Amino acid sequence: MLTTVEKDVAHTRLQAAVEEMCLTLRRASRSLYVRDAADFACAVTDLSGRFVAYPQDVGVSGFVGLDLTPAIEAATAAGPLAPGDVVLTNDPYLSGGLSTHLPDVHAIAPFFDGDELVGYGWAFVHVSDVGGRVPSSVSVLNDSVFAEGLRIPPLRYVRAGTVVPEVEAILAANSRTPEANRGDLHAMLAALDTGRRRVGELTADLGPAGFADVGEFAREQSAARARSALRTLADGTYRFEDFLDNDGVSGVPLRVVVTATVDDGAVHLDLTGTDPQVEAALNMVTFGRAHSWVVTRIFALIGTLDPAVPLNGGLMDIIGFTAPEGTLLNATGTAATGVRHATTSRVNDVVSGALVQAAPEVLPAASSGLVVPVVFAAADGSRVDVVEPMVGGTGARHGADGADGRDSGISNLSNNPVETVEANVSVRVLRYALRTDSGGAGRWRGGSGLELEFEALTDGGLLARGLERLRFRPWGFAGGRPGALTELVVNEGRPDERRLSVVDVHPLRAGDRVVLRTSGAGGYGDPLERDAEAVLADVAAGLVTAEAALEAYGVIVRDGVLDAAATSAERTGRSVSPRERNAGSVSGERNDGSVSAERTGRSVSAARAHSLGPERERWERVFPSALADRLDVYLRTLPTTTRAARRREILGGVLAGLPERFPGVAASEEELVTAEKAFAEAVAAATSTTA
């Protein structure tokens, strides 16, 4: 029987092993997206199929809670795995939710002590292309998983240490970038070999039973520490909702709703009310279970409260989950999933919006809320390269500004060095910088977005999967303003300027210029309470203009120098309420807290401090939450395949009477009143048929 100290030392050895696996994979990979952006990960499990050890700071962190069991069961239906075997899969449905979209290829290797199976090694990479309708295989306009590329059920890619040539031939024949893919797949094999050696060394010392004890110990320790950390949140039930810009098929937005229940260090997320799955690639496959990539904000919260908590599957033990079948977060059938990261990014913001009511001095305002791998594809499809994985910033929180130009919400990808991009991709980078005046104003400023501008050196195609926050701003909190909206423009300022919102493959000619400005994150606290010297530093750093310093913060900067006397007078003269002050062109407030949040005895103001922005306020005046909830109940009585179209029909009919760019463009009072009445009548008519 191992002592606690021996188990702890053994787990540290496993942590070192998975870090070494990741470094091996990264060094051996061939694609820019794996080698530089670090879209990969490795882990080790015991016989439970749940991760025992996961890298702390190499690769993607959001998959820490995955369960290999469904994929292993599928792969072994025809017989058990043997030493030297490796299973490969990429299909969300056929892998039991292990993969989240087809370009993410997962490899699983059984680890043995002699003839006895003790656990598994795991690795994944985002490969450059797995076929399908578009280069890189990912487009929001893909309408089913069949359009997205080659589906790989859990199957043996390697048998007894030898790659199965027929499988490799099929993989190569179904990719536009077979050599890059092959290099990355073999890099995974090298990583798994590293893990096999290190686990073998450990089991030689501990034996199979000792290895099993270490796995159980590690998960129990992480679960206990996570529960202890979350006990600092106020128990209660908290609701929040937010929107994706559109459903990929029309201009109708998609609603994501969460009701979070906090109870003695455990959190249950109920996604009931979230819109139906759609005929576009915005769906996530969870099988109705808590999926690691949907609950990453909980991981981040735990890590904030206990920075040293070990990453492993035990973190999932304190998270409950409900998502009705046939919705965006529990897609069924053959729904497309390629841009699922747009939806899970919004889930992060929604979970924050709910839980900030339970811990207003811990949770941040909304992050920028997007992850956009900007892809340049050669005209003949022979090269498919990620120019930059573009994000924005993180939301401000009580006591701290948000991070500028970095957001590890669901992926924590690294940026590609400009020199590496220009050496490998047929583009010239003209600007890659933080975006001025994008972070939401507040006592603590929201993180700034990014600005990327590049010129195409050859003909090709632009892909910008996950493009979001062009329509609804990232919300601020406690008087903090929302962040700026996203912009994507081709040939800005030229006669052939094009502003894009939904991108499939946008053709580019040599000489075309593309600029993407990502959204800024939400601010926290009254902007007039921000330290004037901090505002001056933001102006000096180019994060805030002198004009915005005056408008948002009441700070007067002349020729780079703070005018302290004029600033004091300006701030003193602004005697209107925070609500009136923030309601102008970029913010507003409304109550999105649940009634039960008030019943916990907390200050009601904590639940009424989300500054959502004018677009959300216009939208929710016409489409209020209570009626949207009633509509959702009705839609779930319909067949899964008809729900999205029916919702689009109802909302589209109402939108037809509003300005074309509503809610970005204000409607007249008469138009708003007419639209409110039309939506209420449409919901009443629909629900009366099921009463």
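Values in this document were obtained by computation on a predicted structure and should not be read as measured data. (Residues numbered from 1 in each chain as written. Predicted model: local features only at pLDDT ≥ 70, side-chain atom pairs only at ≥ 80, totals over all residues. Heavy atoms only, no water.)

Caption draft 1: Fine view of the overall build of the protein. Assigned secondary structure in the protein consists of 17 helices and 25 strands. Whereas a compact globule of 691 residues would reach a radius of gyration of roughly 26 Å, the protein reaches 25 Å, a difference of no more than 12%. Expressed along its principal axes, the backbone C-alpha trace of the protein runs to roughly 80 × 65 × 60 Å. The burial tally for the protein puts 60% of its 691 residues in the buried class. (Helix = DSSP H or I, 4+ residues; strand = E, 2+ residues; numbered from the N terminus. Rg over C-alpha atoms; globule rule 2.2 N^0.38 Å. Buried < 20%, exposed > 50% of the residue type's maximum accessible area, 1.4 Å probe, protein only.)

Caption draft 2: Structural context of the packing of helix α15 (residues 625-635) against helix α17 (residues 669-688). Running from N to C, α15 and α17 point in directions that differ by 30 degrees, and their axes come no closer than 10 Å. Put simply, α15 runs roughly parallel to α17. You can see that α15 and α17 cross each other, and the crossing is left-handed. Mapping the contact onto sequence places Leu627, Ala628, Arg630, Leu631 and Tyr634 in α15 and Phe679, Ala680, Val683, Ala684, Ala686 and Thr687 in α17. Its residues assigned to classes, the contact of α15 with α17 shows 9 nonpolar, 1 polar and 1 charged. (Axes fitted to C-alpha atoms, helices over the stretch in contact; angles between N-to-C directions. Parallel < 35°, antiparallel > 145°, perpendicular 65-115°, else oblique. Left-handed = near helix turned anticlockwise from the far one by under 90°. Contact = heavy atoms within 4.5 Å. Nonpolar A, V, L, I, M, F, W, Y, C, P; charged D, E, K, R; others polar.)

Caption draft 3: Up close: unusual backbone geometry. Here Phe662 and Pro663 are connected by a cis peptide whose omega angle stands at 5 degrees. Position of Pro663 relative to the elements: it lies in the loop between α16 (640-655) and α17. One non-glycine residue, Ala160, lies in positive phi territory at about 50 degrees. Considering the arrangement of structural elements, one finds Ala160 in the loop between β6 (155-159) and β7 (162-163). Note on Ala160: relative accessible area 60%, which makes it exposed.

Caption draft 4: Layout of the pairing of strand β12 (residues 372-378). Counting buried residues in β12 gives 6 out of 7 residues, a clear majority hidden from the surface. Here β12 hands over to strand β13 (residues 384-390) after 5 residues, with Gly381 in that stretch at a positive phi of 80 degrees. Bridging between β12 and strand β16 (residues 460-464) involves 5 bridges; their strand directions are antiparallel. What sits directly across from Val374, in β16, is Ala464. (Pairing = 2+ DSSP bridges.)

Caption draft 5: Quick look at helix α4 (residues 165-173). Buried within α4 are the following residues: Val167, Glu168 and Leu171. Considered in projection along α4, the buried side chains sweep an arc of 95 degrees and stay on one side of the axis. With respect to the buried face of α4, the exposed residues turned more than 90 degrees away are Pro165, Glu166 and Ala173. In this structure, the buried residues of α4 make contact with β3 (86-89), β6, β7 and α5 (178-230). (Arc of directions from axis to C-beta.)

Caption draft 6: Expanded view of the packing of aromatic side chains. Counting across every chain of the model gives 15 aromatic pairs. Consider the rings of Phe63 and Trp293, whose centres lie 5.6 Å apart with planes at 40 degrees: the pair is tilted. Note that Phe63 is positioned in the loop between β2 (51-53) and α3 (69-75) and Trp293 in the loop between β10 (266-270) and α6 (296-305), a separation of 230 residues in sequence. When sorted by exposure, Phe63 lands in the same class as Trp293, which is buried. Connected via pairs of aromatic rings, a cluster forms that spans Phe51, Tyr54, Phe63, Trp122, Phe124 and Trp293. (Phe/Tyr/Trp six-rings, centres within 6.5 Å; stacked < 30°, edge-to-face > 60°.)

Caption draft 7: Quick look at the sheet that holds β13. Spatial ordering of the open sheet is given by β13-β12-β16-β20, a layout of 4 strands whose pairing is antiparallel. Bordering the open sheet on either side are β13 and β20 (506-508), each of which pairs with just one other strand. For this sheet the average axis-to-axis angle between neighbouring strands, irrespective of direction, equals 25 degrees.

Caption draft 8: Inspection of the side chain of Ser136 at higher detail. Relative to the elements of secondary structure, Ser136 occurs in the loop between β5 (116-126) and β6. Excluding its chain neighbours within four sequence positions, the residues that come into contact with Ser136 are Pro103, Ser128, Asp129, Arg176, Val375, Val384, Leu463 and Arg465.

Caption draft 9: The arrangement of helix α10 (residues 546-553) in detail. Within the sequence span of α10, burial applies to Ala548, Ala549, Ala552 and Tyr553. Take α10 and look down its axis: the buried residues cluster within an arc of 105 degrees, on one side only. Elements that come into contact with the buried residues of α10 comprise α9 (532-541) and α11 (564-573). Note on α10: the residue one or two positions beyond its end, Gly554, has a positive phi of about 65 degrees.

Caption draft 10: Structural detail: the environment of Gly131. With respect to the element layout, Gly131 can be found in the loop between β5 and β6. For the pair Gly131 and Pro103, spaced 28 residues apart in sequence, the C-alpha separation works out to 9.2 Å. Ignoring anything within four residues of it in the chain, the contact list for Gly131 reads Ser137, Glu148, Gly149, Asn174, Ser175 and Arg176.

Caption draft 11: Inspection of the sheet that holds β2 at higher detail. Ordered in space as β2-β1-β5-β4-β3-β6-β7, the 7 strands form an open sheet in which the pairing is antiparallel. Only two strands of the sheet have a single partner each, and these edge strands are β2 and β7. Contacts between helix α1 (residues 4-28) and the sheet are confined to β1 (40-45), β2 and β5, with β1 contributing the most and set at about 150 degrees to the helix. Against the sheet, α5 contacts β1, β2, β3, β4 (104-113), β5, β6 and β7, and its axis sits at roughly 45 degrees relative to β4.

Caption draft 12: Expanded view of the nonpolar core. Tyr54, Ile108, Trp122, Leu269, Ile298 and Leu355 are the most contacted members of the largest nonpolar core, which totals 116 residues. Top element by residues in this core is helix α7 (residues 340-355). It accounts for 6 residues. Residues Leu2, Leu25, Val127 and Val167 belong to the second largest nonpolar core, which totals 49 residues. (Core = buried A, V, L, I, M, F, W, Y, C linked by side-chain atoms within 4.5 Å.)

Caption draft 13: Geometry of the pattern of salt bridges. A full pass over the atoms with the stated rule returns 54 salt bridges. One salt bridge connects Arg198 with Glu201, and the closest N-O pair in it is separated by 3.0 Å. One end of the pair is Arg198 and the other is Glu201, both in helix α5 and 3 residues apart, which spans about a single turn. Of the charged contacts in the structure, one is a salt bridge between Arg469 and Asp349, with a shortest N-O distance of 3.1 Å. (Salt bridge = Lys/Arg side-chain N within 4 Å of Asp/Glu carboxyl O.)

Caption draft 14: Looking closely at the confidence of the model for the protein. Scored by pLDDT, the protein has a mean of 92; 95% of the residues are at 70 or more. The model gives residues 578-607 a pLDDT under 50, and that stretch makes 76 contacts with residues more than four places away or in other chains. (pLDDT = per-residue confidence, 0-100.)

Caption draft 15: Region of the structure containing the pairing of β13. Counting buried positions along β13 gives 7 out of 7 residues, so the element sits mostly inside the fold. As defined by bridge partners, β12 adjoins β13 across 6 bridges and the pair is classed as antiparallel. What sits directly across from Val372, in β13, is Met390.

Caption draft 16: Fine view of the packing of α6 against α7. Relative to each other, α6 and α7 sit at 50 degrees, their axes nearing to 8 Å. The angle between α6 and α7 falls in the class oblique. Where α6 approaches α7, its residues Thr296, Arg297, Ile298 and Leu301 are matched on the opposing element by Asn348, Val351, Ser352 and Leu355. Residues of the contact of α6 with α7, tallied by class, amount to 4 nonpolar, 3 polar and 1 charged.

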